[in-house]
Amino acid sequence: MFWNKDRETMSRKEIENLQVELLKEKIEYAYNNVPFYKKKFDDFGIDKSSIKTIEDIRKLPFTTKNDFRDNYPFGLFATDMKQIVRIHSSSGTTGKPTVVGYTKNDLETWTNLIARIAKAAGVTDEDIVHIAFGYGLFTGGFGLHYGLEKIGAAIVPASSGNTKRQIMLIKDYGATVLVCTPSYALHIAEVAKESGIDIEKDLKLRIGMFGAEPWSDQMRKKIEAELNIKAYDNYGLSEIMGPGFSGECEEQNGMHIAEDNFIAEIINPETDKPVKEGEYGELVITTLTKEALPVFRYRTRDITKISTKPCSCGRTLAKMSKPIGRTDDMLIIRGVNVFPSQIEEVLFNIEGISPHYQIVVDRKGALDVATVMVEANANLFFDEMKKQKQFLDNINYELKSALGIDVSVKLVEPHSIERSMGKAKRIIDNRKF
Ligand code: DLL
(Lines give C-alpha, C1' and ligand atoms only; values in the text may rest on other atoms or scores of the structure.)
Protein backbone atom coordinates (compact mmCIF):
# COMPACT_ATOMS: atom_id res chain seq x y z
CA MET A 1 0.00 0.00 0.00
CA PHE A 2 1.25 3.44 -0.94
CA TRP A 3 0.74 6.81 0.69
CA ASN A 4 1.86 8.95 -2.24
CA LYS A 5 2.58 6.56 -5.03
CA ASP A 6 4.02 9.15 -7.45
CA ARG A 7 6.76 10.00 -5.00
CA GLU A 8 7.44 6.40 -4.04
CA THR A 9 7.78 5.08 -7.58
CA MET A 10 9.79 7.75 -9.42
CA SER A 11 12.52 6.51 -11.72
CA ARG A 12 16.03 6.58 -10.26
CA LYS A 13 16.86 9.41 -12.68
CA GLU A 14 13.86 11.43 -11.49
CA ILE A 15 14.88 10.88 -7.88
CA GLU A 16 18.42 12.09 -8.55
CA ASN A 17 17.27 15.13 -10.49
CA LEU A 18 14.92 16.09 -7.70
CA GLN A 19 17.66 15.59 -5.12
CA VAL A 20 20.14 17.81 -6.99
CA GLU A 21 17.53 20.55 -7.40
CA LEU A 22 16.53 20.48 -3.73
CA LEU A 23 20.13 20.28 -2.58
CA LYS A 24 21.07 23.45 -4.47
CA GLU A 25 18.07 25.24 -3.00
CA LYS A 26 18.91 24.16 0.52
CA ILE A 27 22.56 25.14 0.22
CA GLU A 28 21.53 28.67 -0.67
CA TYR A 29 18.87 28.67 2.04
CA ALA A 30 21.25 27.52 4.77
CA TYR A 31 23.98 29.91 3.57
CA ASN A 32 21.59 32.85 3.89
CA ASN A 33 20.01 31.82 7.17
CA VAL A 34 22.48 29.92 9.34
CA PRO A 35 25.77 31.69 10.20
CA PHE A 36 27.33 28.31 11.04
CA TYR A 37 26.75 27.05 7.48
CA LYS A 38 27.71 30.39 5.90
CA LYS A 39 31.10 30.12 7.53
CA LYS A 40 31.50 26.43 6.76
CA PHE A 41 30.50 26.80 3.12
CA ASP A 42 32.77 29.83 2.71
CA ASP A 43 35.68 27.89 4.20
CA PHE A 44 35.04 25.04 1.74
CA GLY A 45 34.32 27.34 -1.23
CA ILE A 46 30.79 25.97 -1.63
CA ASP A 47 27.93 27.67 -3.34
CA LYS A 48 25.00 26.19 -5.17
CA SER A 49 26.70 26.56 -8.55
CA SER A 50 29.32 24.00 -7.48
CA ILE A 51 26.59 21.32 -7.31
CA LYS A 52 25.78 19.77 -10.67
CA THR A 53 25.41 16.06 -9.95
CA ILE A 54 24.48 14.04 -6.92
CA GLU A 55 28.15 13.06 -6.45
CA ASP A 56 28.99 16.74 -5.94
CA ILE A 57 27.48 16.43 -2.47
CA ARG A 58 30.88 15.03 -1.49
CA LYS A 59 32.30 18.54 -1.78
CA LEU A 60 30.29 19.57 1.27
CA PRO A 61 31.73 19.27 4.77
CA PHE A 62 30.23 16.80 7.27
CA THR A 63 28.04 17.83 10.19
CA THR A 64 28.44 15.98 13.50
CA LYS A 65 26.73 15.72 16.85
CA ASN A 66 29.39 18.07 18.21
CA ASP A 67 28.19 20.80 15.84
CA PHE A 68 24.77 20.49 17.47
CA ARG A 69 26.35 20.68 20.92
CA ASP A 70 28.54 23.65 20.02
CA ASN A 71 25.49 25.53 18.79
CA TYR A 72 23.25 24.54 21.70
CA PRO A 73 20.35 25.11 21.91
CA PHE A 74 19.08 26.90 18.78
CA GLY A 75 22.23 27.99 16.92
CA LEU A 76 21.62 25.73 13.88
CA PHE A 77 18.03 26.85 13.35
CA ALA A 78 17.42 28.57 10.00
CA THR A 79 14.21 30.32 11.02
CA ASP A 80 13.38 32.64 13.88
CA MET A 81 11.44 31.26 16.83
CA LYS A 82 8.19 32.72 15.50
CA GLN A 83 8.19 30.06 12.78
CA ILE A 84 9.11 27.21 15.12
CA VAL A 85 6.10 25.27 16.38
CA ARG A 86 7.71 22.22 18.01
CA ILE A 87 10.93 21.37 19.78
CA HIS A 88 12.26 17.89 20.52
CA SER A 89 15.59 16.77 21.83
CA SER A 90 17.59 13.62 22.27
CA SER A 91 19.53 12.97 25.43
CA GLY A 92 22.99 11.80 24.67
CA THR A 93 24.89 9.82 27.25
CA THR A 94 27.26 12.75 27.72
CA GLY A 95 26.93 16.50 27.60
CA LYS A 96 24.03 18.65 26.51
CA PRO A 97 21.10 17.17 24.64
CA THR A 98 20.70 17.66 20.90
CA VAL A 99 17.90 20.13 20.22
CA VAL A 100 15.77 19.99 17.09
CA GLY A 101 13.04 22.37 15.91
CA TYR A 102 10.18 22.11 13.41
CA THR A 103 8.13 24.64 11.46
CA LYS A 104 4.52 23.96 10.51
CA ASN A 105 5.69 22.69 7.12
CA ASP A 106 8.27 20.45 8.78
CA LEU A 107 5.54 18.85 10.88
CA GLU A 108 3.44 18.36 7.76
CA THR A 109 6.37 16.66 6.00
CA TRP A 110 7.03 14.50 9.04
CA THR A 111 3.38 13.47 9.25
CA ASN A 112 3.37 12.44 5.60
CA LEU A 113 6.58 10.47 5.91
CA ILE A 114 5.21 8.53 8.88
CA ALA A 115 1.97 7.91 6.98
CA ARG A 116 4.15 6.55 4.17
CA ILE A 117 6.03 4.03 6.34
CA ALA A 118 2.81 3.02 8.12
CA LYS A 119 1.09 2.32 4.80
CA ALA A 120 4.14 0.40 3.62
CA ALA A 121 3.80 -1.79 6.73
CA GLY A 122 0.13 -2.41 5.87
CA VAL A 123 -1.58 -0.15 8.44
CA THR A 124 -5.03 1.09 7.35
CA ASP A 125 -7.75 3.42 8.61
CA GLU A 126 -9.41 0.42 10.23
CA ASP A 127 -6.53 -0.22 12.60
CA ILE A 128 -6.34 0.61 16.28
CA VAL A 129 -2.78 1.65 17.00
CA HIS A 130 -1.27 1.37 20.45
CA ILE A 131 1.76 3.68 20.71
CA ALA A 132 4.00 2.73 23.62
CA PHE A 133 6.85 5.09 22.74
CA GLY A 134 7.44 7.86 25.24
CA TYR A 135 5.51 11.05 24.46
CA GLY A 136 7.85 13.87 25.32
CA LEU A 137 11.10 15.25 24.08
CA PHE A 138 11.90 11.89 22.43
CA THR A 139 10.74 11.95 18.81
CA GLY A 140 9.21 8.45 18.91
CA GLY A 141 5.79 9.10 20.47
CA PHE A 142 4.70 12.35 18.85
CA GLY A 143 6.56 11.50 15.66
CA LEU A 144 4.62 8.33 14.92
CA HIS A 145 1.37 9.68 16.35
CA TYR A 146 0.45 12.27 13.72
CA GLY A 147 1.27 10.20 10.65
CA LEU A 148 -0.74 7.24 11.90
CA GLU A 149 -3.61 9.53 12.77
CA LYS A 150 -3.44 11.06 9.32
CA ILE A 151 -4.07 7.75 7.60
CA GLY A 152 -7.20 7.49 9.70
CA ALA A 153 -6.21 4.82 12.21
CA ALA A 154 -7.50 5.13 15.79
CA ILE A 155 -4.55 6.04 17.98
CA VAL A 156 -4.12 5.02 21.60
CA PRO A 157 -1.32 7.32 22.83
CA ALA A 158 -0.39 5.06 25.74
CA SER A 159 3.18 6.42 26.03
CA SER A 160 5.70 4.35 28.03
CA GLY A 161 5.54 2.78 31.48
CA ASN A 162 3.41 0.35 33.45
CA THR A 163 3.56 -2.71 31.23
CA LYS A 164 0.61 -4.48 32.85
CA ARG A 165 -1.61 -1.49 32.15
CA GLN A 166 -0.34 -1.35 28.58
CA ILE A 167 -1.38 -4.97 28.10
CA MET A 168 -4.79 -4.32 29.59
CA LEU A 169 -5.30 -1.45 27.13
CA ILE A 170 -4.05 -3.51 24.17
CA LYS A 171 -6.53 -6.22 25.09
CA ASP A 172 -9.54 -4.13 26.07
CA TYR A 173 -9.30 -1.62 23.20
CA GLY A 174 -8.53 -4.36 20.70
CA ALA A 175 -5.32 -2.84 19.38
CA THR A 176 -4.32 -4.26 15.99
CA VAL A 177 -0.99 -2.40 15.66
CA LEU A 178 1.74 -2.04 18.26
CA VAL A 179 4.34 0.75 18.03
CA CYS A 180 7.39 0.70 20.35
CA THR A 181 10.99 -0.50 20.51
CA PRO A 182 11.53 -4.16 19.56
CA SER A 183 12.94 -4.96 22.99
CA TYR A 184 9.85 -3.53 24.66
CA ALA A 185 7.62 -5.55 22.33
CA LEU A 186 9.32 -8.71 23.61
CA HIS A 187 8.88 -7.56 27.16
CA ILE A 188 5.17 -6.94 26.56
CA ALA A 189 4.88 -10.50 25.21
CA GLU A 190 6.68 -11.86 28.25
CA VAL A 191 4.55 -10.00 30.79
CA ALA A 192 1.34 -10.82 28.90
CA LYS A 193 2.11 -14.52 29.05
CA GLU A 194 2.95 -14.33 32.75
CA SER A 195 -0.33 -12.57 33.38
CA GLY A 196 -2.18 -15.50 31.86
CA ILE A 197 -3.06 -13.80 28.59
CA ASP A 198 -3.53 -16.12 25.63
CA ILE A 199 -1.97 -13.93 22.98
CA GLU A 200 -3.67 -15.57 20.02
CA LYS A 201 -7.10 -15.64 21.60
CA ASP A 202 -7.15 -12.53 23.78
CA LEU A 203 -5.25 -10.02 21.62
CA LYS A 204 -6.01 -8.77 18.12
CA LEU A 205 -2.55 -7.47 17.23
CA ARG A 206 -1.56 -8.06 13.62
CA ILE A 207 1.22 -5.58 12.87
CA GLY A 208 4.18 -4.21 14.81
CA MET A 209 6.07 -1.08 13.78
CA PHE A 210 9.29 -1.21 15.72
CA GLY A 211 12.40 0.93 15.71
CA ALA A 212 14.68 3.29 17.65
CA GLU A 213 17.25 0.58 18.41
CA PRO A 214 19.11 -2.17 16.52
CA TRP A 215 17.42 -5.58 16.30
CA SER A 216 18.29 -8.66 14.33
CA ASP A 217 16.17 -10.76 11.97
CA GLN A 218 16.25 -13.50 14.58
CA MET A 219 14.70 -11.10 17.05
CA ARG A 220 12.06 -10.25 14.46
CA LYS A 221 11.15 -13.94 14.14
CA LYS A 222 10.92 -14.28 17.90
CA ILE A 223 8.66 -11.21 18.25
CA GLU A 224 6.47 -12.35 15.38
CA ALA A 225 6.04 -15.77 16.95
CA GLU A 226 5.46 -14.48 20.47
CA LEU A 227 2.95 -11.77 19.55
CA ASN A 228 1.44 -13.46 16.51
CA ILE A 229 2.09 -10.42 14.30
CA LYS A 230 4.15 -9.24 11.33
CA ALA A 231 6.94 -7.00 12.61
CA TYR A 232 8.25 -4.12 10.49
CA ASP A 233 11.39 -2.11 11.10
CA ASN A 234 11.59 1.68 10.84
CA TYR A 235 14.55 3.94 11.32
CA GLY A 236 15.26 7.58 12.00
CA LEU A 237 17.13 9.93 14.28
CA SER A 238 16.29 13.19 15.98
CA GLU A 239 18.94 15.27 14.25
CA ILE A 240 17.42 14.78 10.83
CA MET A 241 13.74 14.68 11.91
CA GLY A 242 13.02 11.56 14.01
CA PRO A 243 11.29 8.37 12.80
CA GLY A 244 10.12 8.44 9.17
CA PHE A 245 13.49 8.50 7.40
CA SER A 246 12.97 4.89 6.32
CA GLY A 247 10.64 1.97 6.89
CA GLU A 248 10.01 -1.55 5.64
CA CYS A 249 7.44 -2.67 3.08
CA GLU A 250 5.76 -6.07 2.90
CA GLU A 251 9.03 -7.67 1.79
CA GLN A 252 10.45 -7.07 5.30
CA ASN A 253 13.85 -6.96 3.77
CA GLY A 254 15.29 -3.47 4.13
CA MET A 255 13.80 -0.04 4.79
CA HIS A 256 12.82 2.23 1.90
CA ILE A 257 14.45 5.62 2.35
CA ALA A 258 12.43 8.82 1.82
CA GLU A 259 14.82 9.93 -0.92
CA ASP A 260 12.53 12.74 -2.01
CA ASN A 261 13.34 14.36 1.36
CA PHE A 262 16.83 13.13 2.15
CA ILE A 263 20.08 12.13 0.47
CA ALA A 264 21.65 9.03 1.99
CA GLU A 265 25.33 8.20 1.51
CA ILE A 266 27.34 5.29 2.87
CA ILE A 267 30.96 6.08 3.63
CA ASN A 268 33.90 4.27 5.08
CA PRO A 269 34.06 5.85 8.56
CA GLU A 270 37.84 5.71 8.61
CA THR A 271 38.66 7.15 5.19
CA ASP A 272 35.43 9.22 4.79
CA LYS A 273 35.28 7.94 1.19
CA PRO A 274 32.11 6.44 -0.33
CA VAL A 275 31.87 2.63 -0.30
CA LYS A 276 30.49 0.62 -3.23
CA GLU A 277 26.74 0.06 -3.32
CA GLY A 278 25.84 -2.90 -1.11
CA GLU A 279 28.87 -2.56 1.15
CA TYR A 280 28.54 -1.75 4.83
CA GLY A 281 29.64 1.66 6.07
CA GLU A 282 28.46 4.70 8.01
CA LEU A 283 25.19 6.28 6.96
CA VAL A 284 25.48 10.01 6.22
CA ILE A 285 22.26 11.99 5.76
CA THR A 286 21.44 15.34 4.13
CA THR A 287 17.99 16.85 4.61
CA LEU A 288 16.40 18.32 1.47
CA THR A 289 13.12 19.72 2.73
CA LYS A 290 13.64 20.72 6.36
CA GLU A 291 12.96 24.42 7.01
CA ALA A 292 13.75 24.87 10.68
CA LEU A 293 16.88 22.79 10.75
CA PRO A 294 18.53 21.93 7.45
CA VAL A 295 21.38 19.49 8.00
CA PHE A 296 24.11 18.62 5.52
CA ARG A 297 25.98 15.32 5.51
CA TYR A 298 25.16 14.34 9.06
CA ARG A 299 27.40 11.57 10.40
CA THR A 300 24.85 9.20 11.94
CA ARG A 301 27.49 6.70 13.16
CA ASP A 302 25.05 3.95 12.21
CA ILE A 303 26.52 1.10 10.17
CA THR A 304 24.32 -0.11 7.34
CA LYS A 305 24.29 -0.71 3.60
CA ILE A 306 22.06 0.58 0.81
CA SER A 307 20.63 -1.05 -2.29
CA THR A 308 18.87 0.60 -5.23
CA LYS A 309 17.79 -2.74 -6.74
CA PRO A 310 14.08 -2.81 -7.67
CA CYS A 311 11.79 -4.10 -4.92
CA SER A 312 8.84 -6.40 -5.49
CA CYS A 313 6.55 -3.88 -3.72
CA GLY A 314 6.99 -1.48 -6.64
CA ARG A 315 8.80 1.24 -4.71
CA THR A 316 11.89 2.62 -6.39
CA LEU A 317 13.20 4.29 -3.26
CA ALA A 318 16.54 2.80 -2.17
CA LYS A 319 16.51 0.39 0.75
CA MET A 320 18.84 0.41 3.75
CA SER A 321 19.42 -2.82 5.61
CA LYS A 322 18.98 -3.12 9.36
CA PRO A 323 21.79 -1.14 10.98
CA ILE A 324 24.17 -3.70 12.45
CA GLY A 325 25.43 -1.28 15.08
CA ARG A 326 26.99 2.11 15.58
CA THR A 327 30.58 3.12 15.12
CA ASP A 328 30.47 4.11 18.79
CA ASP A 329 28.72 0.87 19.86
CA MET A 330 31.28 -1.23 18.16
CA LEU A 331 33.27 -2.96 20.81
CA ILE A 332 36.90 -3.53 20.12
CA ILE A 333 37.73 -6.58 22.16
CA ARG A 334 41.36 -7.59 22.01
CA GLY A 335 41.61 -5.72 18.74
CA VAL A 336 38.65 -7.45 17.09
CA ASN A 337 35.61 -5.43 16.11
CA VAL A 338 32.46 -6.83 17.66
CA PHE A 339 28.89 -5.58 17.26
CA PRO A 340 26.21 -6.53 19.77
CA SER A 341 24.05 -7.62 16.80
CA GLN A 342 26.50 -10.44 15.99
CA ILE A 343 26.13 -11.77 19.52
CA GLU A 344 22.36 -11.41 19.32
CA GLU A 345 22.23 -13.46 16.15
CA VAL A 346 24.00 -16.37 17.83
CA LEU A 347 21.94 -16.23 21.02
CA PHE A 348 18.62 -16.22 19.22
CA ASN A 349 19.42 -19.54 17.61
CA ILE A 350 20.03 -21.35 20.87
CA GLU A 351 17.22 -23.23 22.57
CA GLY A 352 16.82 -22.81 26.30
CA ILE A 353 17.83 -19.18 26.70
CA SER A 354 15.61 -16.14 26.64
CA PRO A 355 16.10 -13.24 24.23
CA HIS A 356 17.37 -10.94 26.98
CA TYR A 357 21.10 -10.40 27.12
CA GLN A 358 23.81 -7.94 28.08
CA ILE A 359 27.47 -7.74 27.21
CA VAL A 360 29.85 -6.74 29.98
CA VAL A 361 33.40 -5.77 29.06
CA ASP A 362 36.13 -5.50 31.67
CA ARG A 363 39.84 -5.06 31.56
CA LYS A 364 41.82 -7.58 33.54
CA GLY A 365 45.44 -6.40 33.56
CA ALA A 366 46.09 -5.53 29.95
CA LEU A 367 43.48 -7.90 28.61
CA ASP A 368 39.89 -7.19 27.58
CA VAL A 369 37.44 -9.73 28.88
CA ALA A 370 33.92 -9.85 27.50
CA THR A 371 31.19 -11.70 29.31
CA VAL A 372 27.85 -12.32 27.68
CA MET A 373 25.13 -12.55 30.30
CA VAL A 374 22.17 -14.53 29.07
CA GLU A 375 18.98 -15.39 30.86
CA ALA A 376 18.09 -19.02 31.15
CA ASN A 377 14.49 -19.85 30.33
CA ALA A 378 12.41 -20.59 33.41
CA ASN A 379 12.09 -24.21 32.22
CA LEU A 380 15.79 -24.76 31.57
CA PHE A 381 16.96 -27.26 34.13
CA PHE A 382 20.11 -29.32 34.37
CA ASP A 383 20.12 -32.39 36.53
CA GLU A 384 23.88 -32.73 36.09
CA MET A 385 26.69 -30.19 36.23
CA LYS A 386 28.18 -31.90 33.20
CA LYS A 387 25.15 -31.06 31.10
CA GLN A 388 25.23 -27.43 32.12
CA LYS A 389 28.89 -27.25 31.18
CA GLN A 390 28.16 -28.79 27.78
CA PHE A 391 25.40 -26.27 27.24
CA LEU A 392 27.67 -23.33 28.05
CA ASP A 393 30.52 -24.77 25.98
CA ASN A 394 28.19 -24.95 23.02
CA ILE A 395 27.19 -21.27 23.33
CA ASN A 396 30.86 -20.42 23.72
CA TYR A 397 31.74 -22.36 20.61
CA GLU A 398 29.00 -20.69 18.55
CA LEU A 399 30.03 -17.23 19.72
CA LYS A 400 33.67 -17.93 19.01
CA SER A 401 32.86 -19.11 15.48
CA ALA A 402 30.81 -15.98 14.83
CA LEU A 403 33.09 -13.39 16.41
CA GLY A 404 36.54 -14.87 16.00
CA ILE A 405 37.39 -14.32 19.66
CA ASP A 406 36.72 -16.07 22.93
CA VAL A 407 34.10 -14.53 25.16
CA SER A 408 32.78 -16.03 28.33
CA VAL A 409 29.13 -16.83 28.82
CA LYS A 410 27.23 -16.59 32.05
CA LEU A 411 23.73 -17.95 32.54
CA VAL A 412 21.73 -15.73 34.83
CA GLU A 413 18.36 -16.17 36.51
CA PRO A 414 15.21 -15.51 34.50
CA HIS A 415 14.22 -11.81 34.78
CA SER A 416 17.53 -10.68 36.22
CA ILE A 417 18.49 -8.54 33.21
CA GLU A 418 16.87 -5.15 33.39
CA ARG A 419 13.94 -4.64 31.01
CA SER A 420 13.67 -1.29 29.29
CA MET A 421 10.51 0.56 28.27
CA GLY A 422 12.53 2.36 25.62
CA LYS A 423 15.91 1.54 24.15
CA ALA A 424 17.53 -1.56 25.63
CA LYS A 425 20.95 -1.22 27.23
CA ARG A 426 22.98 -4.04 25.73
CA ILE A 427 26.53 -3.05 26.62
CA ILE A 428 28.20 -2.37 29.93
CA ASP A 429 31.75 -1.32 29.20
CA ASN A 430 33.74 -1.10 32.44
CA ARG A 431 37.04 -0.44 30.72
CA LYS A 432 38.82 2.83 31.35
CA PHE A 433 40.35 4.26 28.21
O1 DLL B 1 15.28 6.75 17.95
C2 DLL B 1 14.00 8.02 16.35
C3 DLL B 1 13.06 6.87 16.20
C4 DLL B 1 11.96 6.78 17.02
C5 DLL B 1 13.24 5.93 15.19
C6 DLL B 1 11.08 5.76 16.86
C7 DLL B 1 12.34 4.91 15.02
C8 DLL B 1 11.25 4.82 15.86
P9 DLL B 1 17.11 9.07 18.48
O10 DLL B 1 16.64 8.91 19.87
O11 DLL B 1 17.76 10.35 18.08
O12 DLL B 1 15.91 8.90 17.48
O13 DLL B 1 18.08 7.86 18.18
C14 DLL B 1 18.58 7.66 16.91
O15 DLL B 1 18.68 5.26 17.27
O16 DLL B 1 21.09 6.87 15.20
C17 DLL B 1 20.23 4.60 15.62
O18 DLL B 1 21.45 4.37 16.28
C19 DLL B 1 19.10 4.13 16.51
N20 DLL B 1 17.98 3.64 15.71
C21 DLL B 1 16.83 4.26 15.40
N22 DLL B 1 16.03 3.45 14.66
C23 DLL B 1 16.72 2.28 14.49
C24 DLL B 1 16.45 1.04 13.82
C25 DLL B 1 15.10 7.79 17.34
N26 DLL B 1 15.31 0.80 13.21
C27 DLL B 1 19.45 6.41 16.89
N28 DLL B 1 17.43 0.11 13.83
C29 DLL B 1 19.95 6.10 15.51
C30 DLL B 1 18.60 0.33 14.45
C31 DLL B 1 17.97 2.43 15.14
N32 DLL B 1 18.89 1.45 15.12
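Residues numbered from 1 in each chain as written. Predicted model: local features only at pLDDT ≥ 70, side-chain atom pairs only at ≥ 80, totals over all residues. Heavy atoms only, no water.

Draft legend 1. Fine view of the sheet that holds strand S12 (residues 298-304). The strand order across the open sheet formed by 4 strands is S10-S11-S12-S15, and the pairing between neighbours is antiparallel. Of all the strands in the sheet, just strand S10 (262-267) and strand S15 (325-326) have a single pairing partner and so form its edges. Across 2 bridges, the pairing between S12 and S15 is antiparallel. Bridging across to S15, Ile-303 finds its partner in Gly-325. (Pairing = 2+ DSSP bridges. Helix = DSSP H or I, 4+ residues; strand = E, 2+ residues; numbered from the N terminus.)

Draft legend 2. Summary view of the domain arrangement of the protein chain. What the domain assignment lists for the protein chain is domain 1 (1-328) and domain 2 (333-429). Once you take the C-alpha centre of each, domain 1 and domain 2 turn out to be 30 Å apart. At the junction of the two partners, domain 1 supplies 24 residues and domain 2 supplies 16 residues. Together, the buried faces of domain 1 and domain 2 total about 1600 Å²; carbon and sulfur atoms form 60% of this surface. When the area that domain 1 buries against domain 2 is broken down by residue, the three leading residues are Glu-190, Gln-218 and Ile-324, summing to 27%. Between Arg-419 and Glu-190 there is a salt bridge, with its nearest N and O atoms 2.8 Å apart. Scanning the region where domain 1 abuts domain 2 turns up 8 residue pairs in polar contact (both at pLDDT 80 or more). Where the side of domain 1 that touches domain 2 is concerned, the elements lending two or more residues are helix H8 (182-194), helix H10 (217-227) and S15. For the side of domain 1 that touches domain 2, the element with the highest residue contribution is H8, accounting for 6 residues. For the side of domain 1 that touches domain 2, the class distribution of residues is 9 nonpolar, 10 polar and 5 charged. (Domains from an automatic or database assignment. Contact = heavy atoms within 4.5 Å. Buried area = accessible area lost by both parts, 1.4 Å probe. Salt bridge = Lys/Arg side-chain N within 4 Å of Asp/Glu carboxyl O. Polar contact = N/O pair within 3.5 Å; in protein donor to acceptor, adjacent residues only side chain to side chain. Nonpolar A, V, L, I, M, F, W, Y, C, P; charged D, E, K, R; others polar.)

Draft legend 3. Up close: helix H5 (residues 104-120). Between the first and last C-alpha of H5 there are 25 Å, a value that for 17 residues agrees with the 24 Å anticipated at 1.5 Å per step. Among the 17 residues in H5, 12 count as buried, and that is most of the element. Residues Asp-106, Leu-107, Trp-110, Thr-111, Leu-113, Ile-114, Ala-115, Arg-116, Ile-117, Ala-118, Lys-119 and Ala-120 constitute the buried set of H5. Where H5 terminates, the next one or two residues include Gly-122, which has phi positive at roughly 95°. (Expected span 1.5 Å × (residues − 1). Buried < 20%, exposed > 50% of the residue type's maximum accessible area, 1.4 Å probe, protein only.)

Draft legend 4. Geometry of the packing of aromatic side chains. Taken as a whole, this structure holds 13 aromatic pairs when the rule is applied. Measuring from centroid to centroid gives 5.3 Å for Phe-41 and Phe-296, while their planes differ by 80°, and the two rings are edge-to-face. Residue Phe-41 is found in helix H3 (residues 35-44), and its partner Phe-296 is found in the loop between strand S11 (281-287) and S12; the two are separated by 255 residues along the sequence. Since its relative accessible area comes to 0%, Phe-41 is described here as buried. Three or more aromatic residues joined by ring pairs make a cluster, and in this case those are Phe-36, Tyr-37, Phe-41 and Phe-296. (Phe/Tyr/Trp six-rings, centres within 6.5 Å; stacked < 30°, edge-to-face > 60°.)

Draft legend 5. Representation of the packing of helix H2 (residues 12-33) against H3 in the model. As a packed pair, H2 and H3 sit with axes 5 Å apart at the nearest point and diverge in direction by 115°. The angle between H2 and H3 places the two elements in the roughly perpendicular class. Judged by the twist between their axes, the crossing of H2 over H3 is left-handed. Listed contacts from H3 to Ile-27, Ala-30, Tyr-31 and Asn-33 of H2 are Pro-35, Tyr-37, Lys-38, Phe-41 and Asp-42. Among the residues forming the contact of H2 with H3, the class breakdown is 6 nonpolar, 1 polar and 2 charged. (Axes fitted to C-alpha atoms, helices over the stretch in contact; angles between N-to-C directions. Parallel < 35°, antiparallel > 145°, perpendicular 65-115°, else oblique. Left-handed = near helix turned anticlockwise from the far one by under 90°.)

Draft legend 6. Structural view of the nonpolar core. Ranked by internal contacts, the top residues of the largest apolar core, which has 66 residues, are Leu-23, Val-123, Val-129, Leu-148, Val-179, Met-209 and Phe-245. The leading source of residues in this core is H5, at 7 residues. Setting aside its immediate chain neighbours within four residues, Phe-245 contacts Tyr-235, Gly-236, Ile-240, His-256, Ile-257, Ala-258, Phe-262, Ala-264, Leu-283, Ile-285 and Met-320. (Core = buried A, V, L, I, M, F, W, Y, C linked by side-chain atoms within 4.5 Å.)

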